[in-house]
Number of protein chains: 2
Amino acid sequence: MRATVIHGAGDVRLEEVPDPVLGGAREAVVRVVAACVCGSDLWRYRGIAPVDEPKRIGHEFVGIVEEVGADVVDIALGDFVIAPFSGSDGTCANCRNGVYTSCLHGFDWGGTDAEGRLIDAGQGERVRVPDADGTLFPVRDSFEDALIPGLLTLSDVMGTGHHAAISAGVGPGSTVAVVGDGAVGLCAIIAAKRLGATTIIAMSRHEARTALAREFGATHVVAERGDDGVRAVRALTGGIGADQVLECVGTKESMDQAIRSTRPGGMVGYVGVPAGGPELPIRRLFNTNVGVNGGVASVRGYMAELLPEVLSGAIRPGLVFDLELPLAEVAEAYAAMDERRATKVLLRP
Amino acid sequence: MRATVIHGAGDVRLEEVPDPVLGGAREAVVRVVAACVCGSDLWRYRGIAPVDEPKRIGHEFVGIVEEVGADVVDIALGDFVIAPFSGSDGTCANCRNGVYTSCLHGFDWGGTDAEGRLIDAGQGERVRVPDADGTLFPVRDSFEDALIPGLLTLSDVMGTGHHAAISAGVGPGSTVAVVGDGAVGLCAIIAAKRLGATTIIAMSRHEARTALAREFGATHVVAERGDDGVRAVRALTGGIGADQVLECVGTKESMDQAIRSTRPGGMVGYVGVPAGGPELPIRRLFNTNVGVNGGVASVRGYMAELLPEVLSGAIRPGLVFDLELPLAEVAEAYAAMDERRATKVLLRP
């Protein structure tokens, strides 16, 4: 089969690799229907995270189950499934708490399983899934092909935006600001709206993304950053800041923006992968009672809640994809995201 | 009248000072019935925080209202009142959110008011209160003198322990660990129990405090610290850590202990005043979804909830006082706390 391999900064290739072979009784093999490129994939592409050896890449995909092991009970041959961006057993103490990302027997796409065997990554034609029941989420209702992008966002960005809103405690009547207008930030706006926020401030200066932010439910757009951005948010929130601020970038500057835009007693929900270690000013947090909650989103646990709304069209996170390419053009997919020509690229094997 | 003045490190004196004079129409003058020394008062006593000039000190007191201004409506002459550790107007946007400590017109005991006039501090015979309605909480039910220590804890430590538990989201069935066995940590145990926690681990190695921790509701005591302390907490919590950890110290070590003792997806509720800037390891927090919430406790907002339980004897936070002295011996009160001969000292003018 063909799968994407990253060789180093700026060097992503679609290569011929061995077909996955079903191993243990809890496994499944999935034929990928759609995959995509994540902002965090760009870390290696940009050389920020080192690539020591050629490595499979891609952690967001949906597809059809082609093989299942004897002990798999929740997933059946022919199921359309959504894969969360990391694997879990669904039964350990952390999974039972809903924190699948801290699964005591978790695994990463493109990594290795407990026996040291390669686990295929998502940007390829097929994927062996070590723990099918604990990881994959089946879509049993029928749906139009046009919904595939929306279903694919449940693999990561929609669940991640939702996690920011849940972690911050967004609820009916909330005033919310969203820092970051990438795919996750845009999904965080969807999440804030469906949780009942009545004021949603998108911090964005990118024209196309701003338009989508408004379509998703943003009531205001603030283009300013830094002190001016803080002032603008306060002006829209009774002078004190937003009840909840959703940090969807992960830089020192974005975290600072988020903390300073939150009202006393409010909460920052953060899902931006901390790049370069954003600092948390403990004394300011203490004095103002601003909390910081969030982290890597346990998207597996949100699929049951979000899937029906994607299927009904109540939410349309699939709109974050602004470019679709065949898997053969994966190198162009990376380049388009790296050069900011695309917000998020969908790949079809 | 007589009031306590700190002149420098280790130098606390009871001095003759001018009697407070009622100023504006929103003011009151309170005759102090009981006051106490706070762990944070020791910062100046120990020379950690500089004392540039002689200054009134003390921010926890209860007393009887002796004078009220014409516009005061909620507080009456003769009322027994509890003063929170900082003043507020009760009407600004932050007070309406329950965050009285971020009052837009707040003030500090021993500081100055909007007109630049001295505000008396708590360790004295009388206190002028600039905003009586927004600050003081009246106790209208009759009560025995023996309850005065308990009522005094609502000025700070009981409300602060409660804030740690509320900030962390303690609820029915929670597993909770408490870092710190001072007065606040002990009150946090009371708070965790009344909120429904079923496992409460006191991290303590001080015999008398451990006994009180158990009396207040601790189900387990862990004497170990550092890696051993983390291991001990995990062994008591299904191998993963506590749902909520209440950080009641404020050092780098105690915050580290708290974060590492929290299970993935759990929350640290912190109320220890950050001394020396405890660091927040953002990458660890992100990977494990451990949140950090809390800060300076808005105790004014908790009095309505906690007061009836103090009056009924359902909770007995007054037991944290293990030494009572006349105000004339305030210097000994500081020395006893500084030398750890006392957990918390009550002063009677």
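- Chain A is annotated in an unreviewed UniProt entry as Zinc-binding dehydrogenase from Agromyces seonyuensis.
- According to UniProt, the comment filed for chain A under the heading Sequence similarities (unreviewed entry) is "Belongs to the zinc-containing alcohol dehydrogenase family."
- If you open the UniProt record of chain A and go to Cofactor (unreviewed entry), you find "Zn(2+)".

**Digging into the packing of helix α6 (residues 183–194) of chain A against helix α7 (residues 207–216) of chain A**
Residue and element names in this part refer to chain A.
Here comes step 1: In contact at an axis separation of 9 Å, α6 and α7 are set at 15 degrees when each is read in the N-to-C sense. With respect to α7, the element α6 is oriented roughly parallel. Handedness of the crossing formed by α6 with α7: right-handed. Two secondary-structure elements touch here, α6 through L186, I189, I190 and K193 and α7 through R209, L212, A213 and F216.
Here comes step 2: Considered class by class, the residues forming the contact of α6 with α7 number 6 nonpolar, no polar and 2 charged.

**Some remarks on the relation of the copies chain B and chain A**
Here comes step 1: Each copy superposes on the other: chain B lies on chain A with an RMSD of 0.0 Å after a rotation of 180 degrees and an axial shift of 0.0 Å. The transformation relating the two chain copies, once decomposed into turn and shift, fits a two-fold axis. Residues of chain B ranked by C-alpha distance from the rotation axis are headed by B:V292, positioned 2.7 Å from it.

**A look at the packing of aromatic side chains**
Here comes step 1: Applying the stated criterion across every chain yields a total of 10 aromatic pairs over all chains.
Here comes step 2: Relative to B:F143, the ring of B:F80 lies with its centre 4.8 Å away and its plane at 75 degrees, an arrangement referred to as edge-to-face. Of this pair, B:F80 sits in strand β6 (residues 80–83) while B:F143 sits in the loop between β8 (137–139) and α4 (148–153); the two residues are 63 residues apart in sequence, bridging distant segments of the chain.
Here comes step 3: Given a relative accessible area of 7%, B:F80 falls into the buried group.
Here comes step 4: Residue B:F143 is classed as partly exposed on the basis of its relative accessible area of 22%.
Here comes step 5: Through a chain of ring-to-ring contacts, the aromatic side chains of A:F61, A:F107 and A:W109 assemble into a single cluster.
Here comes step 6: Above the ring of A:Y100, the side-chain terminus of A:R300 is found at 5.7 Å from the ring centroid.

**Remarks on the pairing of strand β14 (residues 291–294) of chain A**
In summary, the side chains of a regular strand alternate between the two faces of the sheet.
All names here are of chain A.
Here comes step 1: Here β14 shows no split at all, with G291 and N293 on one side and V292 and G294 on the other all buried.
Here comes step 2: Pairing between strand β13 (residues 262–270) and β14: 4 bridges, direction parallel. What sits directly across from M267, in β14, is G291.

**Some thoughts on the domain arrangement of chain A**
Think of interface size as the accessible area that goes away when the parts come together; that is how it is often given.
All names here are of chain A.
Here comes step 1: Domain parsing of chain A yields domain 1 (2–156 + 299–348) and domain 2 (159–294).
Here comes step 2: A C-alpha centroid distance of 27 Å is found between domain 1 and domain 2.
Here comes step 3: It is W43, Y302 and T343 in domain 1 that bury the most area against domain 2; as a group they hold 33% of the surface buried on that side.
Here comes step 4: If you look at where domain 1 meets domain 2, you find 3 salt bridges.
Here comes step 5: For the salt bridge of R316 with E215, the shortest nitrogen-to-oxygen distance reads 2.8 Å.
Here comes step 6: Scanning the region where domain 1 abuts domain 2 turns up 7 residue pairs in polar contact (both at pLDDT 80 or more).
Here comes step 7: The leading source of residues in the side of domain 1 that touches domain 2 is helix α11 (residues 303–312), at 3 residues.

**Side note on the pattern of salt bridges**
All names here are of chain B.
Here comes step 1: By the definition in use, this model includes 48 salt bridges over all chains.
Here comes step 2: Here R231 makes a salt bridge to D228, at a shortest N to O gap of 2.6 Å. Note that R231 and D228 are positioned in helix α8 (residues 226–235) at a spacing of 3 residues, about one turn of the helix.
Here comes step 3: Owing to a relative accessible area of 53%, R231 belongs among the exposed residues under this scheme.
Here comes step 4: Relative accessible area serves as the criterion here: at 41%, D228 is assigned to the partly exposed category.

Cut-offs used in this document
Residues numbered from 1 in each chain as written. Chains lettered and ligands numbered in written order. Predicted model: local features only at pLDDT ≥ 70, side-chain atom pairs only at ≥ 80, totals over all residues. Heavy atoms only, no water. UniProt positions renumbered as here; feature names shortened; annotations may be inferred. Axes fitted to C-alpha atoms, helices over the stretch in contact; angles between N-to-C directions. Helix = DSSP H or I, 4+ residues; strand = E, 2+ residues; numbered from the N terminus. Parallel < 35°, antiparallel > 145°, perpendicular 65-115°, else oblique. Left-handed = near helix turned anticlockwise from the far one by under 90°. Contact = heavy atoms within 4.5 Å. Nonpolar A, V, L, I, M, F, W, Y, C, P; charged D, E, K, R; others polar. Least-squares fit on C-alpha atoms with pLDDT ≥ 70 in both. Phe/Tyr/Trp six-rings, centres within 6.5 Å; stacked < 30°, edge-to-face > 60°. Buried < 20%, exposed > 50% of the residue type's maximum accessible area, 1.4 Å probe, protein only. Lys NZ or Arg CZ within 6 Å of the ring centre and 35° of its normal. Pairing = 2+ DSSP bridges. Domains from an automatic or database assignment. Buried area = accessible area lost by both parts, 1.4 Å probe. Salt bridge = Lys/Arg side-chain N within 4 Å of Asp/Glu carboxyl O. Polar contact = N/O pair within 3.5 Å; in protein donor to acceptor, adjacent residues only side chain to side chain.

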